[in-house]
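# Structural features, examined
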Amino acid sequence: MQCNICQQIYKHRSGGKQGGTGTLMRHIAEDHKRELNIAQGGGDVGGPTQTRMDPATGHVAKKYNKLRDREEIAKMVVVGCLPFSFPSSDAFIRYIQAIYNPMFNGIPRTTCRSDIFRLHSQYCFYLSTLLKNIQCRLSLTSDLGRAVNKNDYLTVTCHWMDSNFVMQKRILAFLYDEDRKHTGQFIADSIVKIAGYYGIENKILCIAFDNASNNKTAITKIKSTLSPPLPEIFHIKCACPYI
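Thresholds, definitions, all that
- Residues numbered from 1 in each chain as written.
- Predicted model: local features only at pLDDT ≥ 70, side-chain atom pairs only at ≥ 80, totals over all residues.
- Heavy atoms only, no water.
- Helix = DSSP H or I, 4+ residues; strand = E, 2+ residues; numbered from the N terminus.
- Buried < 20%, exposed > 50% of the residue type's maximum accessible area, 1.4 Å probe, protein only.
- Areas by Shrake-Rupley, 256 points an atom, 1.4 Å probe, with all protein chains shown as cover.
- Pairing = 2+ DSSP bridges.
- Axes fitted to C-alpha atoms, helices over the stretch in contact; angles between N-to-C directions.
- Contact = heavy atoms within 4.5 Å.
- Core = buried A, V, L, I, M, F, W, Y, C linked by side-chain atoms within 4.5 Å.
- Patch = residues over 30% accessible without salt bridge, like charges linked within 9 Å, V, L, I, M, F, W, Y side chains within 5 Å.
- Salt bridge = Lys/Arg side-chain N within 4 Å of Asp/Glu carboxyl O.

Helices and strands together make up the secondary structure of the protein chain, namely seven helices and seven strands. Starting at the N terminus and ending at the C terminus, the protein chain contains elements arranged as α-α-β-β-α-α-α-β-β-β-α-β-α-β. For the protein chain, with 243 residues in total, the buried portion stands at 28%. Surface exposure of the protein chain reaches about 16,000 Å², of which carbon and sulfur atoms provide 55%.

Below you can see the structure in the form of structure tokens.
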């Protein structure tokens, strides 16, 4: 057996009184208290409780936080379109152990999944609060598309100009079209529901759609529900499909 921290070699026999990893675990507990405590989510034993600076490089070493570690890994999985099982893969565990934390044992896929959904709920609440307090009109754009897994999804994006006249955009929803009918009723119901969730029913100035028949049907239904301030410009026809 070999200690991942100091590379010390320990003898190991299978079975009998000489088996097990007791010697290695005692070595870690006695000689590597700091690393063990950090790996278990504690503070930096024997060091400052805040941040430390390496005098040679000037880099600030932050205190390890296990919850933040899980959050950042969850974000990496989402942004990189990685599987939930990635943080528990042998290659990822080996990389983290070799470079950052010799005691890292990975994050189970169920934990990664729950972290992602928790972060999603928190971000939706933040975005809802942001949009409710914006003192300007918003525009939406939406389209249906088919993913590589052959499922159909509806994406709704919101655009607005902030106080510095800088265009801002956020994805409001990414919905699964289970029936795969692409109906105007489905599009209209989805957008009205999303607008209600974020509390922006009375702030929508226009929606950018292409000129497909289901989008025309959706616009008619959305108009009757939301009553936009300028119905004559509510449907901004996207020119991209025709260029």
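With that settled, the discussion passes to the sheet that holds strand β4 (residues 152-161). The mixed open sheet is built from five strands, whose spatial order is β5-β4-β3-β6-β7. Taken across any chain shown, the strands that pair with only one partner, and hence form the sheet edges, are β5 (167-176) and β7 (235-237). Neighbour-to-neighbour, the strand axes of the sheet open up by a mean angle of 25°, direction not taken into account. Bridging between strand β3 (residues 138-146) and β4 involves eight bridges; their strand directions are antiparallel. Counted as the bridge partner of Leu 140 is Cys 158 from β4. Where helix α5 (residues 109-132) meets the sheet, its contacts fall on β3, β4 and β5, and the angle it forms with β5 comes to roughly 130°. Packing of helix α7 (residues 213-226) onto the sheet brings it into contact with β6 (204-209) and β7, and relative to β6 it is tilted by some 170°.

With 28 residues, the main nonpolar core has Leu 131, Leu 140, Leu 172, Ile 191, Tyr 198 and Ile 207 as its most contacted residues. Put simply, the parts of the chain that give this core at least two residues each are α5, β3, β4, β5, α6 (184-198), β6 and α7. The element that contributes the greatest number of residues to this core is α6, accounting for six residues. Apart from the residues lying within four places of it in its own chain, the contact partners of Leu 131 are Leu 138, Cys 158, Trp 160, Leu 172, Tyr 198, Ile 200 and Lys 203. One finds Phe 92, Ile 96, Phe 104 and Leu 119 within the second-largest nonpolar core, a separate group that totals 11 residues.

Attention now goes to a nonpolar patch on the surface. A grouping of Tyr 95, Ile 99 and Tyr 100 is seen on the molecular surface, where their side chains present a nonpolar patch of about 370 Å² in accessible area. Of note, Ile 99 is situated in helix α4 (residues 90-99). Of the residues examined, Ile 99 reaches a relative accessible area of 53% and is grouped as exposed.

When you line up the elements, Ser 139 lands in strand β3. A C-alpha to C-alpha distance of 5.7 Å links Ser 139 and Ile 207, two positions 68 residues apart in sequence. If sequence neighbours within four positions are ignored, Ser 139 has contacts with Thr 157, Cys 158, His 159 and Cys 206.

Another aspect to go through is the pairing of β3. Pairing analysis gives four bridges linking β3 to β6, with the strands arranged parallel. Each bridged residue has a counterpart across the sheet, and for Ser 139 the counterpart in β6 is Cys 206. The turn joining β3 and β4, which pair antiparallel and follow one another in sequence, is formed by five residues; a positive phi near 70° is taken by Lys 150.

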